[in-house]
Amino acid sequence: MLRITGLNKSFDGFQAVADASLDIEKGEVVAVIGPNGAGKTTLFNLITGQLTPDSGEIWFREENITGLPAHVISRKGIGRSFQIVNVFDRLTVFENVQIAVLARRGNTLNLFRPARSMAVKETGDVLANVGLSEKRTMTSGMLSHGDRKVLEIAIALGSRPELLILDEPTAGMSPDETAATLDLMTRLSGDLGLTILFCEHDMGLVFSIANRITVMNHGATIIQGLPEDVRRNRQVQKAYLGGDVPC
Ligand SMILES: Nc1ncnc2c1ncn2[C@@H]1O[C@H](COP(=O)(O)OP(=O)(O)O)[C@@H](O)[C@H]1O
Ligand SMILES: [Mg+2]
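Residues numbered from 1 in each chain as written. Chains lettered and ligands numbered in written order. Predicted model: local features only at pLDDT ≥ 70, side-chain atom pairs only at ≥ 80, totals over all residues. Heavy atoms only, no water.

Caption draft 1: Broad picture of the packing of helix α5 (residues 120-130) against helix α6 (residues 145-158). Interaxial distance between α5 and α6 falls to 10 Å at its minimum, and their mutual angle equals 140°. By the angle between their directions, the pair α5 and α6 is classed as oblique. Note on packing geometry: the crossing formed by α5 with α6 is right-handed. Where α5 approaches α6, its residues E122, V126 and V130 are matched on the opposing element by V150, A154, L157 and G158. Grouping the amino acids of the contact of α5 with α6 by side-chain chemistry returns five nonpolar, one polar and one charged. (Axes fitted to C-alpha atoms, helices over the stretch in contact; angles between N-to-C directions. Helix = DSSP H or I, 4+ residues; strand = E, 2+ residues; numbered from the N terminus. Parallel < 35°, antiparallel > 145°, perpendicular 65-115°, else oblique. Left-handed = near helix turned anticlockwise from the far one by under 90°. Contact = heavy atoms within 4.5 Å. Nonpolar A, V, L, I, M, F, W, Y, C, P; charged D, E, K, R; others polar.)

Caption draft 2: The sheet that holds strand β2 (residues 14-24), seen in detail. One open sheet holds the four strands; their spatial order is β2-β1-β4-β5, and the pairing between them is antiparallel. Pairing within the sheet leaves two strands with one partner each, and these edge strands are β2 and β5 (63-64). The sheet contact formed by strand β4 (residues 55-60) and β5 spans two bridges and is antiparallel. Considered in β5, the bridge of W59 is made with N64. The strands that helix α1 (residues 40-48) touches are β1 (2-11), β2 and β4; relative to β1, the one it contacts most, it runs at about 115°. (Pairing = 2+ DSSP bridges.)

Caption draft 3: Highlighting the pattern of salt bridges. Under the defined criterion, the tally for this structure stands at nine salt bridges. One salt bridge in this structure joins R148 and D89, with 2.6 Å as the shortest N-O distance. Pair noted here: R148 is in helix α6 and D89 is in the loop between β6 (78-80) and α3 (93-104), with a separation of 59 residues, a long-range link. Ionic pairing is found between K121 and D125, a salt bridge with its closest N-O pair at 2.7 Å. Residue K121 and its partner D125 are both found in helix α5; the two are separated by four residues, about one turn of the helix. (Salt bridge = Lys/Arg side-chain N within 4 Å of Asp/Glu carboxyl O.)

Caption draft 4: Seen up close, unusual backbone geometry. Of note in this structure, E62 is not a glycine but carries a positive phi near 65°. With respect to the secondary-structure elements, E62 resides in the loop between β4 and β5. In this structure, E168 is a non-glycine residue whose phi angle is positive, near 50°. Looking at where E168 falls in the secondary structure, it is placed in the loop between β7 (163-167) and α7 (175-190).

Caption draft 5: A look at the site of ligand 1. Close contacts around ligand 1 come from F11, F14, A16, P35, N36, G37, A38, G39, K40, T41 and T42, and that covers them all. The contact in question runs from an oxygen atom of ligand 1 to an N or O atom on the backbone of A38, over 3.2 Å. T41 places a polar side-chain atom, nitrogen or oxygen, 2.8 Å from an oxygen atom of ligand 1. When the free accessible area of ligand 1 is taken as 560 Å², the share hidden by the protein chains comes to 60%. (Near = heavy atom within 4 Å. Polar contact = N/O pair within 3.5 Å; in protein donor to acceptor, adjacent residues only side chain to side chain. Areas by Shrake-Rupley, 256 points an atom, 1.4 Å probe, with all protein chains shown as cover.)

In structure tokens, the structure reads:
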């Protein structure tokens, strides 16, 4: 579904992504792990068009999407959440998701009031999928950190992606919230059939949900494999998992 080859991105001579490659099949849940600064977020920004690569190619469903603008890539079926929560605080939970639904349809909230009512069912469905229905009328700024992160996923789902990219979905969450997010990702993958690419520091979550894992370091994708293979890899154990590998 997604194929990345030889991807490079530098910032003022600093190579943040270096000859990265990645392959994702439809229906897979793929984790990218690696220390802070490894280039995970930059890689995601390149895939979703927030950044333009210096070289290399990104193919999505047999189409070369390298360098296309973010809104075009979003409409082709790649949705993402951000490492830093990206929510309109003054709007309600419902409105935040509705905007994403309307954006996909090429409308905006203010210009097309009829569209606003049309998106109600779909927005409600997205909120039900992530378990936020009861908080739909809450002002987003009042949400707990964990609920805001889930709202971010809901916003990403509003663009009705086939490939969902999540940047540290459980960052800053309590253990309970992390467990709920793991359940949510499992449901999105299983019930909705979404393909998921995510990066995450919680190795428990990574090893319990990922079908395959890619390890990044210094911008390069150094190892890709099944969780068992990555877990067994001594280089990975020493450098990136700190010996603290769940078995
Ligand atoms: N816009 C930018 N300008 C300059 N340097 C950047 C920019 N974005 C990321 N970097 C640098 O690129 C490296 C990789 O960052 P990032 O992709 O955020 O890593 P990760 O998500 O794995 O922690 C870091 O050293 C970071 O400082
Ligand atoms: Mg990051």
